[in-house]
Amino acid sequence: MKDLICFLVLFLTSGVGSFDLVIDEVPDEVENLIDVEIDGFPSTSKMRNGRYQRSTSDWGYVGDLVEDDDKIGLYSYKVQSTITSRLANTMIQAKMVNNAKRSQHIVFDVQVPKGAFIDNFTMDVNGITFTSHIREKSEARKMYSQAKAKGKAAGIVRSNALDMENFKTEVNVPPGTRIQFQLHYHEMIRRKLNSYEHVISVQPGRLAKHMEVDVRIIEPQGLRYVHVPNSLGDHFDGITTISKGEKKAHVSFKPTMTQQRKCPKCSSTAVDGNFVVQYDVNRETTGGELEIFNGYFIHFFAPENLDPLPKNILFVIDVSGSMWGLKMKQTIEAMKAILSELRAADQFSLIDFNHNVRCWRDNLVSATPTQVEDAKKYIQAIHPNGGTNINEALLRATFILNEAQNLGMLDPNSVSMIVLVSDGDPTVGELKLTTIQKNVKQSIKDEFSLFCLGIGFDVDYDFLQRIATDNRGMAQRIFGNQETSAQMKNFYNQVSTPLLKKIQFNYPQESVSDVTQSSFHNYFGGSEIVVAGKVDTENLQHLESIVTATAANAELVMETLRDVEELDGFMKKDKYADPEFTRKLWAYLTINQMMAERNTAPTAALKRNITKSILQMSLDHHIVTPFTAMLIENAEKDEIMLADQPKDPRRGCCPGTLGLTPNAPNNNKGIPAWANVTAVPVSFMPEQRSPPVSSLSINRVDNDPHFIIHLPKSQRNICFNINSEPGKILNLVSDPGTGVVVNGQLVGAKKTQNKKLNTYFGKIGFYFKNKGLKVEITTKTITLKDGSYSITLTWSDTGHIIRKQLLISVKKESNVTITVGDEMSFMVLLHRVWKNHPVNVDFLGIYIPPENRLSPAAHGLIGQFASEPEVHIHQQQPGQAPEKPQATMEVKGNKLTVTGGVQKDYRTDRVLGTDVQCWFVHNSGKGFIDGHYKDYLVPHLYSFLKKP
């Protein structure tokens with residue numbers, strides 16, 4: 001018998017990349033199973049190399065199959081999907097037979113929703129079952145190469161398409177072969193426009209003797225409604241059945257072979273499209289629904305009955321020559337409808353661009369009927385032509401919003417957004433996509449959002465996703481056809497009703513871990529925010545959440561309390577409910593979040609760290625991602641096929657999510673090495689412990705307060721203490737050359753000990769004069785100020801603030817790093833003490849690398865050492881204690897008696913610290929610092945040090 005050639009093409013979702021899998025040789029077992037046939041199928045088990053192969057006669061009677069001219073029959077096509085609290089597990093199975101008298105291709109071709117994770121695929125050829133395993137990509141390819149070298153059946157993957165939505169398997173099989181394909185994937189059903197919509201592609205390609213789509217919904221919150229629109233056409237009216245209970249529903253679609261036919265005498269199927277199930281759940285509390293099961297919690301948050309926030313919206317429309325014809329006509333139609341839906345409290349303007357950029361109005365105007373009608377006339381008169389200057393168009397839009405903000409034209413409670421509509425890559429002006437992304441990031445204010453609509457397939461959709469995600473928005477592809485207008489209006493409706501802004505989810509830190517994104521920029525009506533994490537159910541009876549947000553006319557604080565065992569009984573009683581739904585939802589959210597963060601990672605090192613985390617989670621949860629591969633093997637593992645997701649060279653690797661984005665933007669520079677307490681920010685690696693910090697030497701002030709000055713040239717550490725009074729402000733850095741000031745305000749202990757009141761830094765202020773920025777860090781908050789503008793994070797946050805190329809990165813309850821371009825960086829460390837401690841108080845430590853590019857004019861207790869003085873230490877002799885020798889230090893014309901000892905670096909261990917050997921200068925550093933320590937007292941937190 002001729003060789004069996006398997007050609008497997010796996011098109012995975014999310015626009016990542018497609019792949020072909022080619023099997024070069026026939027498994028011996030298959031060739032030896034084709035001797036005895038009944039109805040075209042091998043019916044008995046044959047032994048090969050001492051192994052028995054399973055009979056496939058359990059299919060039952062397979063006659064009466066309708067075959068096309070190719071004599072391939074589809075015995076059954078089955079889809080089973082179970083939704084457990086928005087987590088949909090879907091299985092698609094096809095059983096097919098080659099009734100021709102020659103070898104030919106059998107194809108299994110299914111559509112997989114964007115964002116779904118494929119977690120299993122099996123293929124049964126005449127009783128020989130190939131099952132799948134997930135491996136790290138390079139490991140899988142190595143196993144493939146080894147199998148190939150041994151002459152075993154093996155496969156390799158080739159990228160061959162741009163937009164991946166298909167999973168396609170093509171197998172060349174001998175006559176009489178029966179084959180079963182089975183694909184499993186899971187996804188989170190997201191709420192849009194007040195409804196969850198589960199879409200299943202049903203495209204069997206031919207009439208099936210047995211056809212079934214079976215959907216079960218299990219929602220502990222209770223079902224408000226279940227609806228199945230007639231998405232497959234009027235041909236199937238009345239065939240779908242719906243059974244709905246209080247918390248469960250069953251949807252069934254089982255057309256007979258007669259009902260499947262396009263016409264009574266047709267041999268082709270009318271089943272070709274999407275089977276859609278829509279539903280919504282009951283909501284009793286504004287604070288959302290907490291579902292806790294198997295050590296994980298899921299927080300669903302979709303408040304209703306809130307007044308919309310006013311919005312400031314700029315529409316940026318591509319009118320280049322490529323938009324000519326249907327696309328422009330549909331865009332104009334959509335824009336006219338969208339403008340009609342603006343509310344009286346909204347402000348708006350229009351920008352259209354080709355190689356030039358034009359503004360309908362140079363500033364935002366109120367959405368009065370007169371202005372709306374005038375804007376419609378402007379839109380109607382557009383005639384596409386010319387090139388595409390995306391960079392200038394977006395910068396013009398951000399300029400208009402920034403000017404409105406600076407002039408006080410924006411309601412403080414309003415939401416500002418830019419909506420970009422484009423169908424192609426830039427052809428005029430700035431062409432480099434990364435530069436455009438950087439330019440927009442730097443110019444857009446932290447509270448503005450960018451939403452992108454990419455029309456057709458000529459546009460680099462991955463770029464639109466990156467730039468939108470990077471600026472607190474989302475992107476969507478619009479297919480350039482007769483439905484373009486409806487798709488645009490549908491997208492706008494998703495973001496047209498902002499109900500809340502600055503949403504923060506808080507949970508007890510001692511009870512939860514590895515929490516997914518918990519801070520959100522906006523909440524739009526009809527959508528849903530989902531937060532997940534691990535919870536210590538063994539030592540916890542109830543889990544409490546507190547959600548804070550800004551509404552149209554109030555600051556909201558919403559509390560939720562749930563028994564950790566509340567869901568156990570319900571889940572155990574339902575045989576269809578997925579007991580792993582909380583774990584899968586948590587992994588789904590975490591991986592998607594990391595892939596979005598990877599897209600906007602500013603450094604290669606950070607991107608590598610995120611990639612490692614994605615890889616590990618992919619392996620742990622057995623899913624195919626861009627960094628894993630699926631090995632498909634028989635039971636003896638001597639026939640191996642390989643399927644993976646190669647990166648498409650044009651579109652990059654990992655798409656961002658289409659959900660809400662955090663209100664703290666990602667940094668545009670990596671966290672400096674000296675401040676890297678973890679390999680990457682904790683949000684990137686939720687399941688890994690922090691590795692040791694870099695051992696770079698650094699200047700630091702910590703504890704009560706102990707100064708450690710590192711002198712790079714002489715490789716020495718010099719220490720001294722400052723003993724002053726609570727409330728006094730010490731200048732640490734004062735550099736008129738760079739316009740940088742760092743001051744620390746002292747706070748006293750609760751009471752004296754040994755007739756001494758210890759003091760610590762309770763507040764640290766940074767002033768960047770040239771940028772007009774001030775940063776105030778206390779033991780409670782971190783605040784960035786720019787004139788009247790300010791933004792505040794707490795020590796409960798993990799996030800970043802970027803303003804005028806200044807980066808503030810907050811690691812929850814640990815440290816804050818401030819980075820100013822490539823010039824300088826600072827770390828502030830938080831020390832927490834027991835709240836009821838009789839003496840000690842919370843305090844701050846500051847760490848400043850000597851590599852900071854301060855000017856020669858720099859001064860201050862630390863700044864003066866930017867110009868390193870010559871230090872000579874000699875005449876070392878034993879001290880009163882053996883571990884504390886004494887020596888003479890010559891510095892700045894002074895001879896000082898210094899004592900060897902140990903101080904602490906608390907970056908790696910905030911409790912015990914790491915020992916740092918240093919020479920201690922007595923009398924508050926007198927002789928080592930210029931003048932007396934009191935010369936460094938300043939009146940205000942942002943005061944420059946006066947010249948002596």
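Q: Now, about the overall build of the protein chain: what can you tell me, with residues and values included?
A: Each helix and strand counted, the protein chain has 13 helices and 55 strands in total. Considering the protein chain as a whole, with its 948 residues, one finds that 60% of them fall into the buried category. Working note: accessible area of the protein chain is about 38,400 Å², and carbon and sulfur atoms make up 48% of it.

Q: An account of the pairing of strand β49 (residues 815-820) is requested, with residue identities and associated values reported.
A: Here β49 lies mainly inside the structure; 6 of its 6 residues are buried. Of the two faces of β49, the one holding Asn815, Thr817 and Thr819 and the one holding Val816, Ile818 and Val820 are both buried throughout. Looking at chain direction, strand β48 (residues 806-811) and β49 are connected through 6 bridges and run antiparallel. Following the sheet pairing, Lys811 is matched in β49 by Asn815. In this structure, the hairpin formed by β48 and β49 is closed by a connection of 3 residues, where Glu813 is found at a positive phi of approximately 55°. Where β49 lies against strand β50 (residues 824-831), 6 bridges are found, and the strand directions are antiparallel. Its bridge partner lying in β50, Thr817 is registered against Met827.

Q: Outline the packing of aromatic side chains, listing residues and values.
A: Overall, the coordinates contain 25 aromatic pairs when judged by the stated rule. When the ring of Phe348 is compared with that of Trp360, the centres are 5.1 Å apart and the planes differ by 25°; the resulting orientation is stacked. With a gap of 12 residues between them, Phe348 in strand β24 (residues 347-353) and Trp360 in the loop between β25 (357-359) and β26 (365-366) connect regions that are remote in the sequence. Note on accessibility: Phe348 and Trp360 belong to one class, buried. These aromatic residues form a ring-pair network of at least three members: Phe301, Phe505, Phe520 and Tyr523. The ring of Phe570 carries the charged tip of Lys247 above its face, separated from the ring centre by 5.4 Å.

Q: Can you explain helix α5 (residues 369-380)? Please cite residues and give values.
A: Taking 1.5 Å per residue as the helical rise, α5 with its 12 residues ought to reach 16 Å, and the 17 Å between its terminal C-alpha atoms agrees with that figure. For α5, the full list of buried residues reads Val372, Ala375, Lys376 and Ile379. For α5, the buried positions fall inside an angular range of 105° around the axis, keeping them on one side. Of the exposed residues in α5, those oriented more than 90 degrees away from the buried face are Thr370 and Lys377. Lining the buried residues of α5 we find β23 (311-318), α4 (326-340) and β24.

Q: Describe the sheet that holds strand β30 (residues 498-506), naming the residues involved and giving the relevant values.
A: Reading across the sheet, the 4 strands line up as β32-β30-β34-β35 and stay open at both edges, with antiparallel pairing between neighbours. Taken across any chain shown, the strands that pair with only one partner, and hence form the sheet edges, are β32 (519-524) and β35 (555-563). Neighbouring strand axes in the sheet, compared pairwise and without regard to direction, differ in orientation by 30° on average. Pairing of β30 with strand β34 (residues 542-550), which is carried by 4 bridges, proceeds in the antiparallel orientation. Each bridged residue has a counterpart across the sheet, and for Gln504 the counterpart in β34 is Thr548.

Q: So what's going on with the pairing of β34? Which residues, and what values?
A: Side-chain positions along a regular strand alternate between the two faces of the sheet. Note: β34 against β35, 9 bridges, orientation antiparallel. Residue Ser545 lies in a different strand from β35, and its bridge partner there is Thr560.

Q: Describe the sheet that holds strand β14 (residues 191-192), listing the residues and the values that go with them.
A: In a beta sheet, neighbouring strands pair by backbone hydrogen bonds and run either parallel or antiparallel. Ordered in space as β14-β15-β20-β17, the 4 strands form an open sheet in which the pairing is antiparallel. A strand with exactly one partner marks an edge of an open sheet, and here the two such strands are β14 and β17 (223-227). Sheet analysis places strand β15 (residues 195-202) next to strand β20 (residues 273-281), joined by 7 bridges and oriented antiparallel. Bridging across to β20, His198 finds its partner in Val277.

Q: Account for the environment of Lys192, with residues named and values stated.
A: Within the secondary structure, Lys192 sits in strand β14. For the pair Lys192 and Ser527, spaced 335 residues apart in sequence, the C-alpha to C-alpha distance is 4.9 Å. In this structure, Lys192 is in contact with Gln494 and Gly526, ignoring residues within four places of it in sequence.

Q: Would you mind going over the pattern of salt bridges in detail, with residue names and values included?
A: For the structure on display, the rule yields 30 salt bridges. Taking the shortest distance from any N to any O, the salt bridge between Asp280 and Arg191 comes out at 3.1 Å. One end of the pair, Asp280, is in strand β20; the other, Arg191, is in strand β14, with 89 residues separating them in the sequence. Grouping residues by exposure puts Asp280 and Arg191 together as buried.

Q: Run through the state of the cysteines, naming residues and quoting values.
A: Within the structure shown, the criterion is met by 2 disulfides. Disulfides within the protein chain link the bonded cysteines, taken in sequence order, as 1-2, 3-4.

Q: Break down the packing of helix α7 (residues 433-443) against helix α8 (residues 461-469) for me, citing the residues and quoting the values.
A: The interhelical angle for the contact between α7 and α8, taken along N-to-C directions, is 20°, at an axis separation of 10 Å. Judged on the interaxial angle alone, α8 and α7 are roughly parallel. Like other packed secondary-structure pairs, α7 and α8 cross with a definite hand, here right-handed. Together, Leu433, Ile436, Gln437 and Val440 of α7 and Phe463, Arg466 and Ile467 of α8 make up the contact between the two elements. Here the contact of α7 with α8 is built from residues that sort into 5 nonpolar, 1 polar and 1 charged.

Q: So what about the side chain of Asp352? Which residues, and what values?
A: In this fold, Asp352 is placed in strand β24. Looking at Asp352, its side chain comes within polar contact range of the side chain of Tyr378, at 2.5 Å.

Q: Quick rundown of the packing of α4 against helix α9 (residues 484-495)? Include the residues and the values.
A: Here α4 crosses α9 at 35°, and the two axes come no closer than 8 Å. Like other packed secondary-structure pairs, α4 and α9 cross with a definite hand, here right-handed. Only Thr484, Ser485, Met488, Lys489 and Tyr492 of α9 make contact with α4, whose side of the interface consists of Gln330, Thr331, Glu333, Ala334, Ala337 and Ile338. Classifying every residue of the contact of α4 with α9 gives 5 nonpolar, 4 polar and 2 charged.

Q: Residues and numbers for the side chain of Glu528, please.
A: Within the element layout of this structure, Glu528 appears in the loop between β32 and β33 (529-535). Taking the relative accessible area as the measure of exposure, Glu528 reaches 11% and is therefore buried. Among the polar contacts made by the side chain of Glu528, one reaches the side chain of Tyr196 at a distance of 2.7 Å. Leave out the neighbours within four places in its chain, and Glu528 touches Arg86, Arg191, Tyr196, Arg283, Phe300, Phe301, Ala302 and Tyr523.

Criteria and cut-off values
Residues numbered from 1 in each chain as written. Predicted model: local features only at pLDDT ≥ 70, side-chain atom pairs only at ≥ 80, totals over all residues. Heavy atoms only, no water. Helix = DSSP H or I, 4+ residues; strand = E, 2+ residues; numbered from the N terminus. Buried < 20%, exposed > 50% of the residue type's maximum accessible area, 1.4 Å probe, protein only. Areas by Shrake-Rupley, 256 points an atom, 1.4 Å probe, with all protein chains shown as cover. Pairing = 2+ DSSP bridges. Phe/Tyr/Trp six-rings, centres within 6.5 Å; stacked < 30°, edge-to-face > 60°. Lys NZ or Arg CZ within 6 Å of the ring centre and 35° of its normal. Expected span 1.5 Å × (residues − 1). Arc of directions from axis to C-beta. Contact = heavy atoms within 4.5 Å. Axes fitted to C-alpha atoms, helices over the stretch in contact; angles between N-to-C directions. Salt bridge = Lys/Arg side-chain N within 4 Å of Asp/Glu carboxyl O. Disulfide = S-S within 2.5 Å. Parallel < 35°, antiparallel > 145°, perpendicular 65-115°, else oblique. Left-handed = near helix turned anticlockwise from the far one by under 90°. Nonpolar A, V, L, I, M, F, W, Y, C, P; charged D, E, K, R; others polar. Polar contact = N/O pair within 3.5 Å; in protein donor to acceptor, adjacent residues only side chain to side chain.

These figures come from the coordinates and say nothing about function on their own.
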